[in-house]
Structures are given as C-alpha cells and as structure tokens.
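Residues per chain, in single letters:
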Amino acid sequence: MKIAVVGGSGGIGRAFVRQLAGRHSVERVYTTYYQHPSDWSDEKVVCHPLDLTREDSIVSWTSQFNEIDWLINAVGILHDRQHGPEKSIKRLDAEFYLRNMQINSLSHLLLAKYTHDKFRHNRPGIFASVSARVGSIEENYLGGWYSYRASKAALNMGIKTLSIEWRRSLPNMAVAALHPGTTDTELSRPFQRNVPADQLFTPDYSASRMLQILDSLTAADSGKFWSFDGTILPW
C-alpha cells in the first residue's frame, strides 16, 4: 500500500505516519510538513513541504506520486497567537474566520481535486479527513467557536458531497470524516483544563483508534462521520 498523510509534523499526523510506516503491508508513506520538517529515519517515509493555503503547493506535492491507496488529512487550525475560539459573535474576526475555512475545509477539497486520478487503480481506497465533533450542527448545544465550528461543518458537507460524486467515478473508494476525540496536541492544549484525564488522549491512542476504523471501511461505508470509538456521528 501507498499512503499519503497530510500534516506529518503535527501530533496526530506524526502518530499516523509512525504507525502506518510500521505496517508490513505499507510500502510508502508520503507525508508533509509546513514549517518544521520531521526527521524520519524510516526509509518508507517520504516527507515534503506543503502549504495548504496555496493551490500551487498542493499541485506540486501531489505530483510527487503516481498513485496512492489512502489519503489522510490531519491538518487543522483552532487558534493562533492573535486569535482563539470566539466565545461571542463580538469576537469574530473576518480574516481569522476565512483562514479557518481555508485550512479546515477548502484544503481537503483541493487535495481531493488533485488526488482523484491517483485513486484510479481499481483497488479499494480511502480518503479520510480529521474533522471534529463540534462541527456537527445537530450536536451544537453550547454555541460559540464560530470559526472552528463553521469550518468543520463546511468540511463535513464537503466530505459528504465528495462521497456522492466519487461513488460514481471511484466506486471502490470510502470517503470519511473522523473525530479524534480530545487529543493532547498543540491545537487543544489551551483548552484542556476542564477535560477529565480519562477523556484526554495521546496522539498515538487517537491515531490507533481512527486507524481501526479506516481498516474496517469499505466503499459501502463512504460518506459517514465517524467518532474514534466507532460510532457514527450526526452531521
């Protein structure tokens, strides 16, 4: 198998790469970094820079391989040095909102655009995006976090729509959105104070649970939103 993992220098992404590279069935893992390259000693791992805000960068990276069996995008943004999740609509910042949309939603669709032909090998394939449970419209009971919630909801709609199109053009594909649970990474670190210890997962644990789901997926499962524990979440 040849697998692409976007965001291999992040917490969950790095765990995905490490676990997948350890599988005998995996021939190559193509992964990416944004600013800080990862030092992978495993000869299976091929690492390239990728800026998901630039379409030409996505084109350049996807040209590095002819075909893949899986793609997992583990990149996401929740906060930066100037902005955090909005507790009130008064805190909404247009540029930060659009950046959330660009990274948390648009990037996944651009990756699908430029990897579609990489899956034309008639083998079973997977296109998976790490989403978030707070992107579920039906489960939004607390409000707030406008940029993150909206961008993840947009991602979920994109995944559902892509699954319908690819059911026709790539009938052996499973397209999935994945909720990793609250994971101890830079993304969630400022918001972990009230998370019970048994509900804060290591990146290795989250990646392993999501890989269990991906290992079991078939084309019949395409277009669903999965939690790390194997349950299907409402859109």
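Just above, that's the structure.
As the structure is a computational prediction, the values presented were derived from the model and not from experiment.

A. Expanded view of the pattern of salt bridges. In total, this model carries nine salt bridges according to the counting rule given. In this structure, the salt-bridge partner of Asp69 is Arg123, at a minimum N-O distance of 2.8 Å. Taken as a pair, Asp69 in the loop between helix H2 (55-62) and strand S4 (70-73) and Arg123 in the loop between helix H3 (94-115) and strand S5 (125-130) lie far apart in primary sequence, 54 residues in all. Salt-bridge contacts for Lys224 lead to Asp221; the nearest nitrogen and oxygen are separated by 3.9 Å. Judged by its relative accessible area of 27%, Lys224 falls in the partly exposed class.

B. Unusual backbone geometry, seen in detail. Residue Asn122 is not a glycine yet carries a positive backbone phi of 70°. Note on placement: Asn122 falls in the loop between H3 and S5. The phi torsion at Trp145 lies on the positive side, around 55°, for a residue other than glycine. On the accessibility criterion, Trp145 (27% relative accessible area) is partly exposed.

C. Main features of H3. The end-to-end C-alpha separation of H3 is 30 Å, in line with the 32 Å expected for 22 residues at 1.5 Å each. Among all positions of H3, only Phe96, Asn100, Ile103, Asn104, Ser105, Ser107, His108, Leu110, Leu111, Ala112 and Thr115 are buried. Residues of H3 that are buried make contact with strand S1 (2-6), H2, S4, S5 and helix H4 (146-169). The backbone nitrogen of Glu95 has a side-chain oxygen 3.2 Å away, supplied by the residue at the start of H3, namely Asp93.

D. Quick peek at the environment of Ser38. Tracing the sequence through the fold places Ser38 in the loop between strand S2 (28-33) and strand S3 (45-49). Between the alpha carbons of Ser38 and Ser147 there is a distance of 29 Å; along the sequence they are 109 residues apart. When neighbours within four sequence positions are excluded, Ser38 is seen to be in contact with Gly8, Ser9 and Arg14.

E. Highlighting the nonpolar core. If you look at the biggest cluster of nonpolar residues, it comprises 27 residues, and the most contacted ones within it are Phe16, Leu20, Val29, Trp70, Ile72, Leu214 and Leu217. Breaking this core down by element, the ones donating at least two residues are S1, helix H1 (11-21), S4, S5, strand S6 (173-179) and helix H5 (203-216). For this core, the element with the highest residue contribution is H1, accounting for six residues. Leaving out residues up to four positions away in the same chain, Val29 has contacts with Ile3, Val5, Val17, Leu20, Ala21, Lys44, Val45 and Val46. Counting residues in hydrophobic clusters, the runner-up holds 25 residues, among them Ile58, Trp61, Leu110 and Ala177.

F. Seen up close, the sheet that holds strand S7 (residues 224-227). An order of S3-S2-S1-S4-S5-S6-S7 is seen for the seven strands of this open sheet, with the pairing classed as parallel. Each edge of the open sheet is held by one strand with a lone partner, namely S3 and S7. The sheet shows a mean angle of 20° between the axes of neighbouring strands, direction not considered. Across the sheet, H2 is in contact with S1, S2, S3 and S4; its angle to S2 comes to roughly 160°. Running at roughly 165° to S6, H4 makes contact with S5, S6 and S7 of the sheet.

G. Just the side chain of Ser129, in detail. Within the secondary structure layout, Ser129 lies in strand S5. Taking relative accessible area as the criterion, Ser129 reaches 0% and is therefore assigned buried. A distance of 2.8 Å separates polar atoms of two side chains, one belonging to Ser129 and the other to His108. Not counting chain neighbours up to four residues away, the residues in contact with Ser129 comprise Asn73, His108, Leu155, Ile159, Ala176, Ala177 and Leu178.

H. Region of interest: the environment of Lys160. The topology assignment puts Lys160 in helix H4. What makes Lys160 partly exposed here is its relative accessible area of 31%. Sequence separation between Lys160 and Gly223 is 63 residues, and the spatial gap between their C-alpha atoms is 4.9 Å. Once residues lying within four places of it in the same chain are set aside, the contact partners of Lys160 are Gly223 and Trp235.

Calculation criteria
Residues numbered from 1 in each chain as written. Predicted model: local features only at pLDDT ≥ 70, side-chain atom pairs only at ≥ 80, totals over all residues. Heavy atoms only, no water. Salt bridge = Lys/Arg side-chain N within 4 Å of Asp/Glu carboxyl O. Helix = DSSP H or I, 4+ residues; strand = E, 2+ residues; numbered from the N terminus. Buried < 20%, exposed > 50% of the residue type's maximum accessible area, 1.4 Å probe, protein only. Expected span 1.5 Å × (residues − 1). Contact = heavy atoms within 4.5 Å. Polar contact = N/O pair within 3.5 Å; in protein donor to acceptor, adjacent residues only side chain to side chain. Core = buried A, V, L, I, M, F, W, Y, C linked by side-chain atoms within 4.5 Å. Pairing = 2+ DSSP bridges. Axes fitted to C-alpha atoms, helices over the stretch in contact; angles between N-to-C directions.

Everything listed here is a matter of coordinates, which is why it stays silent on function.
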